Amino acid sequence: MLTKYVSQRLLNIGILPELKYAFDQMTTYDQMRAIKQSHWSLVIPTLRQLLDRNNTMIDPFVAAWLLMYAYLIRLDHLQDGDPAEDPLPTINQPNAQYNLVFSYYVLVDSILDELSPEQIPVVRILRLRRLWSDMMLQMASGQQRDLTASKSAYQGNSLEYYEQIAQAKTGATFALAFGGTALLLTDDMQLVETLTVVGNIYGMLSQYSDDLLDASEQSNATLTLPEALRMAHPNGISATTDHTPETFWSHVYANYYAHVQELVKHLPVEIQQGLLQMFEQTFGSKY
């Protein structure tokens, strides 16, 4: 689906062949990545099933969000200097790499232009556009803090500082997935607000669990959950304390899950059950 929408969007645009070739390479790989990484690639389709199972009119949003997520992965690798499974075509030219990643985001954002006002009320599309911009700015703020903060900036409150980064980055990413899907499928703004908050929590838990699972492979200097825990408990963390990453995860997940249960109580039973099942299937057996 991703390559289809990229090809469709570029069909009548006179871009030069170097960029067109790079886009083809990148979107082909990112489509395969989305198929493999079902944890995040199935989020919007699952939500659509809960809200309006027969609706295919939001497919451009599905494609744009999936490519946006892939774009964030590529940008993160580039900024952190991490090795990538699929290096950018301009790997030996840093200036061209940044231009390519920037261009990729412009392409991703433009796929939202394929949402049809003949099928979806214009006011819903405009609301989505606003939410998209708001969440992208939140993500950028989280990334800026992550890249520029020194240890002295979060000394003494490392867990709170880490939580703020996770909420601004991955929290906002999934708030957009959950809230954006609702905005396109309903005019019930209470439902939209609830799903946006639930999506933010889903994203934060995703960041926490990824940090714990990838701790042994983490080589860059950005603040991760294990590092935040070590700074919060400078006297040491051992299996005999209550401050291990595993016990911290159990505590955090239990509290966030309870909060989600409370948030969705006013929703129809089928939607309640579907949302809770998403959390249980994604996070319930992590550790």
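Residues numbered from 1 in each chain as written. Predicted model: local features only at pLDDT ≥ 70, side-chain atom pairs only at ≥ 80, totals over all residues. Heavy atoms only, no water.

Visitor: Help me understand helix H13 (residues 269-283) in this model?
Guide: Counting along an α-helix, one turn takes 3.6 residues, and residues three or four places apart therefore face a common direction. Here H13 spans 21 Å end to end across 15 residues, near enough to the 21 Å set by a 1.5 Å rise per residue. Turning to H13, its buried residues are Ile271, Gln272, Gly274, Leu275, Leu276, Met278, Phe279, Thr282 and Phe283. (Helix = DSSP H or I, 4+ residues; strand = E, 2+ residues; numbered from the N terminus. Expected span 1.5 Å × (residues − 1). Buried < 20%, exposed > 50% of the residue type's maximum accessible area, 1.4 Å probe, protein only.)

Visitor: Would you mind going over the nonpolar core with me for this structure?
Guide: Nonpolar side chains in soluble globular proteins tend to end up buried together. If you look at the biggest cluster of nonpolar residues, it comprises 84 residues, and the most contacted ones within it are Trp65, Trp132, Phe178, Leu205, Tyr208, Leu275 and Phe279. Sequence-distant contacts of Trp132, that is, excluding residues within four places in its chain, are made with Phe61, Ala64, Trp65, Met68, Tyr105, Val108, Asp109, Leu112 and Leu176. (Core = buried A, V, L, I, M, F, W, Y, C linked by side-chain atoms within 4.5 Å. Contact = heavy atoms within 4.5 Å.)

Visitor: How should I be thinking about the pattern of salt bridges in this particular structure?
Guide: Any two side chains of opposite charge can pair, so long as their charged atoms come close to each other. The tally for this structure, following the rule as stated, stands at 13 salt bridges. Measuring nitrogen to oxygen at the nearest pair gives 2.8 Å for the salt bridge that ties Arg74 to Asp86. Remark: Asp86 occurs in the loop between helix H5 (59-80) and helix H6 (94-110) and Arg74 occurs in helix H5; sequence separation between them is twelve residues. As a salt-bridge pair, Glu262 and Lys265 come within 3.6 Å of each other at their nearest N and O atoms. There is no split in this pair, since Glu262 and Lys265 are both exposed. If you follow the salt bridges from partner to partner, you end up with Arg9, Asp109, Asp113 and Arg129 in one network. (Salt bridge = Lys/Arg side-chain N within 4 Å of Asp/Glu carboxyl O.)

Visitor: Before we go on, may I ask you to explain the packing of aromatic side chains in this structure?
Guide: Working definition: an aromatic ring pair is given by the centre-to-centre distance plus the angle between the planes. Evaluated as defined, the whole model comprises 18 aromatic pairs. Each ring, one from Trp249 and one from Phe283, has its centre 6.1 Å from the other, and the planes form 55°; the classification is tilted. With Trp249 in helix H12 (residues 245-263) and Phe283 in helix H13, this pair connects stretches of sequence that are 34 residues apart. In terms of burial, Trp249 and Phe283 fall into one category: buried. (Phe/Tyr/Trp six-rings, centres within 6.5 Å; stacked < 30°, edge-to-face > 60°.)

Visitor: So what exactly am I meant to see when it comes to the confidence of the model for the protein here?
Guide: Low-confidence regions, as indicated by low pLDDT, have predicted coordinates that should not be scrutinised in detail. Confidence along the protein averages 87 in pLDDT terms, with 87% of residues attaining 70 or more. Per-element averaging of pLDDT across the protein places helix H8 (residues 151-154) at the bottom with 65 and helix H7 (residues 122-148) at the top with 96. (pLDDT = per-residue confidence, 0-100.)

Visitor: Is there a simple way to think about H5 in this case?
Guide: Relative to the 32 Å expected for 22 residues at 1.5 Å per residue, H5 spans 32 Å between its end C-alpha atoms, a close match to the ideal helical length. Across the 22 residues that make up H5, a large majority, 17, are buried. Just downstream of H5, Gly81 is the residue with a positive phi angle, here 70°.

Visitor: Help me understand the packing of H7 against helix H9 (residues 158-185) in this model?
Guide: Two measures define how a pair of helices packs: the angle their axes make with one another and the distance between the axes. The interhelical angle for the contact between H7 and H9, taken along N-to-C directions, is 165°, at an axis separation of 8 Å. Considering the angle they form, H7 stands roughly antiparallel to H9. Between H7 and H9 the crossing geometry is left-handed. (Axes fitted to C-alpha atoms, helices over the stretch in contact; angles between N-to-C directions. Parallel < 35°, antiparallel > 145°, perpendicular 65-115°, else oblique. Left-handed = near helix turned anticlockwise from the far one by under 90°.)

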